[in-house]
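Reading the structure
The chain contents come next:
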Amino acid sequence: MENYLKENFGGVMAKNSSDESLQRWRKLCGVVKNPKRRFRFTANLSKRSEAAAMKRSNQEKLRVAVLVSKAALQFIQGLVHTEYTVPTEVKAAGFEVCADELSSIVEGHDLKRLRTHGGVLGLATKLATSASEGVPCSEESLSRRQSIFGINRFAEIQPRSFWVFVWEALQDMTLMILGMCAFFSLIVGVATEGWPKGAHDGLGIVASILLVVLVTATSDYRQSLQFKDLDKEKKKISIQVTRGGYRQKLSIYDLLVGDIVHLAIGDQVPADGLFIDGFSVLINESSLTGESEPVMVSKENPFLLSGTKVQDGSCKMLIATVGMRTQWGKLMATLSEGGDDETPLQVKLNGVATIIGKIGLFFAVVTFAVLAESLVRRKILDGSYFWWSGDDALELLEFFAIAVTIVVVAVPEGLPLAVTLSLAFAMKKMMNDKALVRHLAACETMGSATTICSDKTGTLTTNHMTVVKACICGESKDVSDSKEVVSMCSSFPDKVVKLLLQSIFTNTGGEVVVNQDGKLEILGTPTETAILEFGLSLGGDFKKVRQEGTLIKVEPFNSNKKRMGVVLQLNEGGYRAHTKGASEIILASCDKFLNRDGNVVPLDEATIGQLTRTIETYANEALRTLCLGYMELEGGFSADQPIAVNGFTCIGIVGIKDPVRPGVKESVATCRSAGIIVRMVTGDNINTAKAIARECGILTDDGLAIEGPEFRTKSEEEMTALIPRLQVMARSSPLDKHMLVKHLRTNLNEVVAVTGDGTNDAPALHEADIGLAMGIAGTEVAKESADVIILDDNFSTIVTVAKWGRSVYINIQKFVQFQLTVNVVALIVNFTSACITGSAPLTAVQLLWVNMIMDTLGALALATEPPHNDLMNQVPVGRGGNFISNVMWRNIFGQAFYQFIVIWYLQADGKSLFSLEGPTADVALNTLIFNSFVFCQVFNEISSREMEKINVFQGILDNYVFVAVISSTIIFQFIIVQFLGDFANTIPLSSSHWFVCIFLGFLSMPIAAMVKLIPVGSAKKCSKVHSQPRQVVTTDLPEDPTDLMFKWLTK
């Protein structure tokens, strides 16, 4: 079977699957009882292609509109613009411009009309807002603004009600056929036997159908609610806003027209708006206009469109249009969602369902033919083949209902849906563990991960940074204490301190603001916050220093350049450039330095050696080092010029402490014991990286640490030899990370999880099998490219995700094992009984109940098992592992053989064994067979909790869903047997009969335990902590024993 599945259903990847591979497996699904339910959680390819065509059309229209409006600017400059009239209701609300006018300005990129309103600041005034203070915060003001201009929300598809799921559950073809059988049974039964006796069989089938439909619909509806909650979490995006004079974080859905939004690299533009001020702003508009070239946004081209991404720079923007009035809102309104791609496991289980369905259909047809033939033969022997009574018609109808019910039981429609159920359950639980899964497939893929490429800062470390050492003017000082900072400050000339503070407070991506409590608050990345905090501890005044000059140019920090720079126009005249970044890179850019007296002197070899040793000393103490430099620009400066990269004067070096997160070392050890290799990929100094890696337990004695620039020069062969030992990559660029991930996946066949937080990490996140974005430090661009968002930026959470991934995979295997066992037994018992005795021991109503036990209830019980720590003591499945393993086949055939022997023995000798006599003997025997069969499934369900362990009771009470399902199954079985005999074709059993049935069911547990002792290719345990990557070893049999039969049946 595994070979057949790989050949026909193996083309679908965890991400980025082609439409051809998605289409191919759908065509192979020949036996589908309920397409609406079966394919609910798969991509709607027709809708997706329709949406893509509409999107391309809209993008082209938008692109042409933008280009035409830009080309026509010169022409419209000479035209007289029509006088704008403010609508009465807008004026009454205190505004001087309406939503339609704002939308027209931004949508048409209409500079002429913008100028008639007094430019961006003029519009701000008309919107009763301030570029520095933002909109007033009073409830009445915000409410009035919202009523005039709208809210920043897009039209959403209405959630489906419970009754929609009931209707979809009723679309099952076999249930509809059974419904027709019930209808004819009612008519014939009432006509021949009267009411109510003649209606029992028909009503029994109807009641069973309704019960199946209600349980199925309830399960599906709960899943939809879970996905709805997760979808809300995915859409939670916050942004920095100035409102009421204070900087604060707000949800993008709370933004109003007139709000002042602060954008930085990696942010998504939350609404249509206008640029107020900023530096080097490049906007990627490809999602909206289809243009791959980034657009430079400035005062000359101030238009910012919702849904676009900030590729570089930072700025303040005025929100002009929100919600469905924005370009993005209009585009999204025309698109219908095509849905997420199905996961590889869903596809594989659709394949299993198809194979079993074909086998079941074959057996159902043969069973009906044999049963019908026995009836006809009996009629011929009686000489009454020309006279058919109502009883004969009812018997034939019962045979047909049994055949249809065999198809109901045999086609495991619940298999693919069990994946969704397990994933939905895991995703909900993982949210509580601070991991937000964006794509379903990531859950199951994470369970197969063999390598994690992790960032250092914020993931392995706490991201709570403080400057603890500083080397200013060649003198290294410990500055972890405020008294030492004051002492250091007083030991240097005022000129040095002034230059240092100017470098700290002007060359920064952060800000020092006064919050609503009147206290100073530092905004920015943890690195910027640490340096600004150091500046404040030196006695600096952020606002005062910033007012000493005007920023002419800003080049934000970039992970490729590993530096940032600014140019100041000083109030006293002249221009000065400041730079900071990776210590060795900035130091190499310097040819002078400030000595102890504050004089600028040439940087000689001795001083370079001393500063280099200082950097290494700091790095070896696991400190993150940054170098600060400046340059006087004698010849003036223009904003169009790039900032120089050489000729700077070194001011000093700071060492920033970022402690390792508690529990990281244990988590890395857990990964190692689970066969997952953890590699650190960081932009930091190699000595800092090695020190942190050793502290975390990542770098071992035989491990290798390398720098990005050296790594990227290696050939393919050298990389293949080097990467298995590679544990740390320092000074890496996003391109290096992408190259490493690609090589691990393609050349070494590893399943790779990679973390990222920056905009430039998007290619590596996209390339990896599982992209993990940081929820706190991560940009919106990184989050959009990721499969899982780690909400607390903690490496331990990544290990939790891996554990949940393994749990999902194992849980689905347990359920498949359980369901296939029931399939095999139900098919063989009914088929052999029909062939040999001419009757089926399990009726249609009984088979429907068994189907519900193994399908919906079985999935609820086994697919929702919480993870346990033993999961992390096994090697990962890897990329080529078999889903239906030999361990599962062993358990299935062992359990099925026992159950078949029990049922067959009861059928053959049950009457004599239980001394059954009289007219009710046959019904009593069938009741005993049905009861024993159900209890075999109950105890088999318990045994299925562990596929290899003997102790199946460990942690059973922790899974309340499992306990509830088992309890309700037993209670309903008792009710069906003792009180619903007329409908279910059973009679009440004595206590001794109940004891025998339960005992026969219980015997399946020791049988299962003995079967588990039979050696087959089982999962390998990890007993030692290894430093080298482990190959995933599988010792499966060369070919499954059932392969030939499956190949024959599927031709």
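Residues numbered from 1 in each chain as written. Predicted model: local features only at pLDDT ≥ 70, side-chain atom pairs only at ≥ 80, totals over all residues. Heavy atoms only, no water.

1. Here's the deal with the overall build of the protein
Stated formally: Secondary structure elements are defined from DSSP: runs of H or I of at least 4 residues count as helices, runs of E of at least 2 residues count as strands, and each element is numbered from the N terminus. Burial here depends on accessible area, computed with a 1.4 Å probe over protein chains only, as a share of the maximum for the residue type. Under 20% is buried, over 50% is exposed, and the range in between is partly exposed. Contacts: residue pairs with any heavy atoms within 4.5 Å of one another. For the area figures, the Shrake-Rupley method with a 1.4 Å probe applies, and any residue is considered shielded solely by the protein chains shown.
Helix and strand counts for the protein stand at 41 helices and 26 strands. With 1051 residues in all, the protein has 56% of them scored as buried. In the protein, 74% of the contacts between residues at least 6 apart in sequence involve partners at least 24 apart. Looking at the protein as shown, the accessible area adds up to about 43300 Å², and 58% of this sits on carbon and sulfur atoms.

2. Quick notes on the nonpolar core
Here is the rule: For the purposes of this section, nonpolar cores are sets of buried Ala, Val, Leu, Ile, Met, Phe, Trp, Tyr and Cys residues that join through side-chain atoms within 4.5 Å.
Membership of the largest hydrophobic core comes to 152 residues, with the highest contact counts inside it found for Leu178, Met446, Ile770, Val788, Phe795 and Val816. Excluding its chain neighbours within four sequence positions, the residues that come into contact with valine 816 are Leu349, Leu415, Phe883, Ile884 and Met888. In this structure, Cys98, Ala124, Leu127 and Val322 belong to the second largest nonpolar core, which totals 47 residues.

3. Focus: the pattern of salt bridges
Heads up, the condition is: Salt bridge criterion: a side-chain nitrogen from Lys or Arg within 4 Å of a carboxyl oxygen from Asp or Glu.
On inspection of all chains with the given rule, the structure shows 26 salt bridges. The residue aspartate 259 makes a salt bridge to arginine 243 at a minimum N-O spacing of 2.5 Å. Here arginine 243 lies in strand 1 (residues 238–243) and aspartate 259 lies in the loop between strand 2 (246–251) and strand 3 (260–263), a separation of 16 residues in the sequence. Aspartate 259 sits in the buried class, given a relative accessible area of 0%. A salt bridge links arginine 247 to glutamate 511; the nearest nitrogen and oxygen atoms lie 2.4 Å apart.

4. Points about the packing of aromatic side chains
Within a pair of aromatic rings, the relevant descriptors are the distance that separates the centres and the angle that separates the planes. This is how the line gets drawn: Any two rings among Phe, Tyr and Trp, with Trp reduced to its six-membered ring, count as a pair given centres within 6.5 Å; such a pair is stacked if its planes are under 30 degrees apart, edge-to-face if over 60, and tilted if neither. Whether a charge sits over a ring comes down to the Lys NZ or Arg CZ being within 6 Å of the ring centre and within 35 degrees of the ring normal.
Under the criterion given, the structure shown has 15 aromatic pairs. Here the aromatic rings of phenylalanine 362 and phenylalanine 363 are separated by 5.6 Å at their centres, their planes lie at 80 degrees, and the arrangement is edge-to-face. When the ring of phenylalanine 505 is compared with that of phenylalanine 542, the centres are 5.6 Å apart and the planes differ by 80 degrees; the resulting orientation is edge-to-face. Taken together, the positions of phenylalanine 505 in helix 21 (residues 494–506) and phenylalanine 542 in helix 23 (residues 542–546) put the pair 37 residues apart, joining distant regions of the chain. Using a relative accessible area of 0% as the deciding quantity, one classes phenylalanine 505 as buried. Sitting above the plane of the phenylalanine 962 ring, arginine 945 keeps its charged end 5.6 Å from the centroid.

5. Some words on the confidence of the model for the protein
Just so we agree on the cut-off: Per-residue confidence from the predictor is given as pLDDT, running between 0 and 100.
Confidence in the prediction of the protein, expressed as mean pLDDT, is 82, and 84% of residues score 70 or more. Note on residues 76–80: pLDDT under 50 across the span, and five contacts to partners over four residues away in sequence or across chains. Note that residues 1023–1051 has pLDDT below 50 and, in this model, 57 contacts with residues that lie over four places away or in other chains.

6. Things to note about the side chain of histidine 117
Within the element layout of this structure, histidine 117 appears in the loop between helix 8 (111–116) and helix 9 (119–126). Setting aside chain neighbours within four positions, we find histidine 117 in contact with Tyr84, Val97, Glu101, Ile105, Gly122, Leu123 and Lys126.

7. Regarding the environment of arginine 546
Tracing the backbone shows arginine 546 in helix 23. The exposure class assigned to arginine 546 is partly exposed, which follows from its relative accessible area of 28%. Along the sequence, arginine 546 and asparagine 507 sit 39 residues apart, while their C-alpha atoms lie 10.0 Å from each other. Sequence-distant contacts of arginine 546, that is, excluding residues within four places in its chain, are made with Phe505, Thr506, Thr508 and Leu551.

8. A few points about the pairing of strand 25 (residues 770–774)
How we decide: Any two strands between which DSSP finds at least two bridges are classified as paired. Orient the strands so they point away from the viewer, and a crossover whose first-strand-to-second-strand path over the helix runs clockwise is right-handed.
A large share of strand 25 lies buried, amounting to five of its five residues. Residues of strand 25 alternate between two faces, with Ile770, Leu772 and Met774 on one and Gly771 and Ala773 on the opposite face, all of them buried. In this structure, strand 24 (residues 752–756) lies alongside strand 25, joined through four bridges in parallel fashion. Considered in strand 25, the bridge of valine 754 is made with glycine 771. On the question of chirality, the crossover connecting strand 24 to the parallel strand 25 by way of helix 31 (residues 762–767) is right-handed. Of the strand pairs in this sheet, strand 25 and strand 26 (residues 788–790) are connected by three bridges, and their pairing is parallel. By the bridge assignment, alanine 773 is partnered in strand 26 with isoleucine 789.

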